[in-house]
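Listed below, chain by chain, are the residues.
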Amino acid sequence: MSLDGHYDPDNIFAKIVRGEAPSVKVFEDHDTLAFMDVFPQGRGHVLVIHKRADARNILEIEPEALTAVTLTTQRIARAVRAALQPDGVLVAQLNGGEAGQTVYHLHFHVIPRWQGVPMGRHASGKMADMAELKELAEAIALEIS
Ligand code: AMP
């Protein structure tokens, strides 16, 4: 999908927000939601979204909503660091199919990185173990301040 188009209210993240699709939640407040990526590019890969902004990408989102989702992304990045002690934390956000975007509801990726551990392929289709994702989500959630 290109940068032009319309927000689809039935995209998978919108369904997660409405409780119509499952997710392993890490954090939720009035505006934002953080949950584990089920096809993670590394251990502890978290996604952060705005719950109501019908924006497909960073070009479309209203400044106030962008602020809320960015602040939650920072909280999650800090919590990921505290919980998992990575050597680095990658924060990424893709816009349009040519940039690698596969889900058209604005989201930030928070991906912990360790020296010598290569990053997994993006949206690989290899589903993570749910019990492990829940453990990681709990460990990260405990460190959110
Ligand atoms: P992007 O390609 O930047 O749009 O990222 C979409 C991300 O959503 C990818 O990293 C996928 O692994 C992830 N993803 C797709 N479906 C789900 C789902 N149902 N629950 C959690 N993560 C998902």
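Residues numbered from 1 in each chain as written. Predicted model: local features only at pLDDT ≥ 70, side-chain atom pairs only at ≥ 80, totals over all residues. Heavy atoms only, no water.

Novice: I'd like to hear about helix H3 (residues 130-142), residue by residue, with values.
Specialist: Over its 13 residues, H3 runs 18 Å from end to end, which matches the ideal 18 Å to within 8%, given 1.5 Å per residue. Considered for burial, the residues of H3 that qualify are Leu133, Leu136, Ala137 and Ile140. Take H3 and look down its axis: the buried residues cluster within an arc of 100 degrees, on one side only. Opposite the buried face of H3, at more than 90 degrees from it, the exposed residues are Glu135, Glu138 and Leu142. Elements in contact with the buried residues of H3: strand E1 (25-28), strand E2 (32-36), strand E3 (46-50) and helix H2 (63-84). (Helix = DSSP H or I, 4+ residues; strand = E, 2+ residues; numbered from the N terminus. Expected span 1.5 Å × (residues − 1). Buried < 20%, exposed > 50% of the residue type's maximum accessible area, 1.4 Å probe, protein only. Arc of directions from axis to C-beta. Contact = heavy atoms within 4.5 Å.)

Novice: Tell me about the pattern of salt bridges, residues and numbers included.
Specialist: Applying the stated criterion to the full structure yields six salt bridges. A salt bridge links Glu28 to Lys51; the shortest N-O distance between them is 3.0 Å. In this pair, Glu28 sits in strand E1 while Lys51 sits in the loop between E3 and H2, placing the two residues 23 residues apart along the sequence. For the salt bridge of Asp31 with Arg52, the shortest nitrogen-to-oxygen distance reads 2.5 Å. Here Asp31, found in the loop between E1 and E2, pairs with Arg52, found in the loop between E3 and H2; they are 21 residues apart in sequence, far enough to count as distant. Residue Asp31 is classed as partly exposed on the basis of its relative accessible area of 24%. Since its relative accessible area comes to 48%, Arg52 is described here as partly exposed. (Salt bridge = Lys/Arg side-chain N within 4 Å of Asp/Glu carboxyl O.)

Novice: Outline unusual backbone geometry, supporting the account with residue identities and numerical values.
Specialist: Phi angles above zero are rare outside glycine, and Gln85 is one such case at about 50 degrees. With respect to the secondary-structure elements, Gln85 resides in the loop between H2 and strand E4 (88-92).

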